[in-house]
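Listed below, chain by chain, are the residues.
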Amino acid sequence: MTADTSQATATAQPNIALVKYWGKRDATLNLPAAGSLSITLAGLHTRTHVHFDPALDADDVALNGARDTAQTRKVSAFLDLFRARARVDTRARVTSSNDFPTGAGLASSASGFAALAVAADRALRLGLGARNLSRLARRGSGSAARSIFGGFVEMSAGTRADGEDAFATPLLAADAWPLTVVVAITARGAKSISSRAGMEASQRASPFYRAWLATVPEDLASARAAVQARDFEQLARVSEASCLAMHAVMLATRPALLYWNPATVACIDCIRGLQRDGIGVFFTIDAGPQVKAVCLPGASSRVAAALRGVGGVQDLVTSTLGAGARVVPDTAA
Ligand code: 2P0
């Protein structure tokens, strides 16, 4: 291995869960307590360059141009998983940037760790393959396991203590059912409670947590069948139910986790109105105040126009479904 060649650039996109992940069965290996099902977006990107450089004494990590001790520690621990597989101790320079707001409920950790896994694998010439990269991306962030793949993706919780059966698999390609997502941005800036801290709190102190877990297998089966049959009505029903059940768990947590603001509720109301008018759209909301409207092909311009008129909506981001994490030429970094 030489310093000149031990580098690579990768790009990955965030994903949005339709059947939600909220809670872990093992915090050390970051194993989810239940499976989840997601769609990978096309229009929002993380781009990550990794250079394993023998001249470095420590990892140097710049995320969106800023260096942060806690983030560097997390990225270093993640890169250690790759260094162990490559049997090297070389430190790395990591530069990563998002073309969308970080930490605002748009799953920047998902695309971030998926891109980092793919770049580290290529830089160290490990050739691990997508399933192994999904397992490894999971160690950085549970949702990152899903961004390794494009289109419709299912994450398995697995049952093994070593987590080898906890990885994502692709269900359906992006172009096989070209849905569009309109994200209504209702607040800027990072959320006050991270997903990780929030799910830990819910697991410890929400009386609804066990009931929530019991809903997931049936919701997953229903969503998987809906995707396979391209049944939008069924996917809408199960996705909204899974989202609201997760938020019920959050709200029942003591002290309560309330990620919504008034504009979040106004967007739900707007989407319900569109549904009454026969428009193919449903909502989902993650651990933040943004509302993601999932639209049938052809419905997104009407949905965007309606959401733009909702008080408190600051911006809209529209995206089709996209590909999984992949290596891109270094020169474009
Ligand atoms: C999801 N979320 O399924 C759910 C819905 C947020 C709400 O996955 O602790 O950042 O790093 O595994 O992946 C966000 O959680 O959590 C998330 P960790 P992650 O998309």
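Residues numbered from 1 in each chain as written. Predicted model: local features only at pLDDT ≥ 70, side-chain atom pairs only at ≥ 80, totals over all residues. Heavy atoms only, no water.

K.L.:
Describe the nonpolar core, listing the residues and the values that go with them.
P.N.:
When a protein is soluble and globular, its nonpolar side chains tend to lie buried together. Within the largest apolar cluster, 41 residues are counted, with the highest numbers of intra-cluster contacts made by Trp22, Ile39, Phe152, Leu179, Val181, Leu235 and Leu321. Mapped by element, the contributors of at least two residues to this core are strand S2 (15-19), strand S5 (36-40), strand S11 (180-185), helix H6 (209-229) and helix H7 (232-252). A domain-level breakdown of this core finds at least three residues from each of domain 1 (7-173 + 322-328) and domain 2 (180-320). Excluding residues within four positions of it along the chain, Val181 makes contact with Ile16, Ile39, Leu41, Lys292, Ala293, Val294, Val317, Thr318, Ser319 and Leu321. Phe52, Leu81, Ala114 and Ala119 belong to the second-largest nonpolar core, a separate cluster that totals 39 residues. (Core = buried A, V, L, I, M, F, W, Y, C linked by side-chain atoms within 4.5 Å. Buried < 20%, exposed > 50% of the residue type's maximum accessible area, 1.4 Å probe, protein only. Helix = DSSP H or I, 4+ residues; strand = E, 2+ residues; numbered from the N terminus. Domains from an automatic or database assignment. Contact = heavy atoms within 4.5 Å.)

K.L.:
With reference to specific residues and values, describe the layout of surface pockets.
P.N.:
When its volume is computed, the second largest pocket comes out at roughly 170 Å³. For the second largest pocket, the full set of lining residues is Ala27, Thr28, Asn30, Lys74, Ala77, Phe78, Leu81, Phe113, Arg139, Gly140 and Arg196. Ranked by residues supplied to the lining of the second largest pocket, first place goes to helix H1 (residues 69-86) with 4 residues. Broken down by class, the residue content of the lining of the second largest pocket amounts to 5 nonpolar, 3 polar and 3 charged. (1 Å grid on protein atoms, 1.4 Å probe; cavity = no way out; pocket = protein on both sides within 12 Å on 5 of 7 lines; lining within 4 Å. Points joined across faces, edges and corners; volume = space filled by probe spheres on them. Nonpolar A, V, L, I, M, F, W, Y, C, P; charged D, E, K, R; others polar.)

K.L.:
Before we move on, could you go through the site of the ligand and cite the residues and values that matter?
P.N.:
With respect to spatial proximity, 17 residues lie near the ligand, and among them Tyr21, Lys24, Ser141, Gly142 and Ser143 are the closest. Separating an oxygen atom of the ligand from a side-chain N or O atom of Tyr21 is a distance of 2.6 Å. At 2.6 Å, a backbone N or O of Gly142 approaches an oxygen atom of the ligand. In isolation the ligand has 470 Å² of accessible area, and contact with the protein removes 92% of it. At 3 residues, helix H5 (residues 195-205) tops the list of elements feeding residues into the shell around the ligand. Residues belonging to the shell around the ligand are distributed by class as follows: 6 nonpolar, 6 polar and 5 charged. Looking at which domains feed residues into the shell around the ligand, each of domain 1 (7-173 + 322-328) and domain 2 (180-320) supplies at least three. (Near = heavy atom within 4 Å. Polar contact = N/O pair within 3.5 Å; in protein donor to acceptor, adjacent residues only side chain to side chain. Areas by Shrake-Rupley, 256 points an atom, 1.4 Å probe, with all protein chains shown as cover.)

K.L.:
Could you give an account of the domain arrangement of the chain, naming the residues involved and the relevant values?
P.N.:
Accessible area lost upon the coming together of the parts is a frequently used measure of interface size. In terms of domains, the chain is made up of domain 1 (7-173 + 322-328) and domain 2 (180-320). Across the boundary between the two partners, domain 1 contributes 35 residues, which contact 45 residues of domain 2. When domain 1 packs against domain 2, close to 3,100 Å² is buried across both sides, 68% of that on carbon and sulfur atoms. Considering only the side of domain 1, the residues that lose the most area to domain 2 are Leu18, Lys20 and Trp22, jointly responsible for 29% of the buried surface there. Counting every contact that joins domain 1 to domain 2 gives 2 salt bridges. Ionic pairing is found between Lys20 and Asp286, a salt bridge with its closest N-O pair at 2.5 Å. For the pair domain 1 and domain 2, the interface holds 11 residue pairs in polar contact (both at pLDDT 80 or more). Of all elements in the fold, only S2, S5, strand S9 (152-155) and strand S10 (168-172) reach the threshold of two or more residues within the side of domain 1 that touches domain 2. Each residue belonging to the side of domain 1 that touches domain 2 can be placed in one class, and the counts come to 19 nonpolar, 12 polar and 4 charged. (Buried area = accessible area lost by both parts, 1.4 Å probe. Salt bridge = Lys/Arg side-chain N within 4 Å of Asp/Glu carboxyl O.)

K.L.:
Got a sec to walk through the sheet that holds S11? Specific residues and values, please.
P.N.:
The strand order across the open sheet built from 4 strands is S12-S13-S11-S14, with neighbouring strands paired in antiparallel fashion. The two strands at the open ends of the sheet, each matched to only one other strand, are strand S12 (281-284) and strand S14 (315-320). For this sheet the average axis-to-axis angle between neighbouring strands, irrespective of direction, equals 25°. Pairing of S12 with strand S13 (residues 291-295) involves 4 bridges; the strand directions are antiparallel. Pairing of Phe282 across the sheet is with Val294, part of S13. Along the sheet face, H7 touches S12 and S13 and points at about 20° away from the line of S12. (Pairing = 2+ DSSP bridges. Axes fitted to C-alpha atoms, helices over the stretch in contact; angles between N-to-C directions.)

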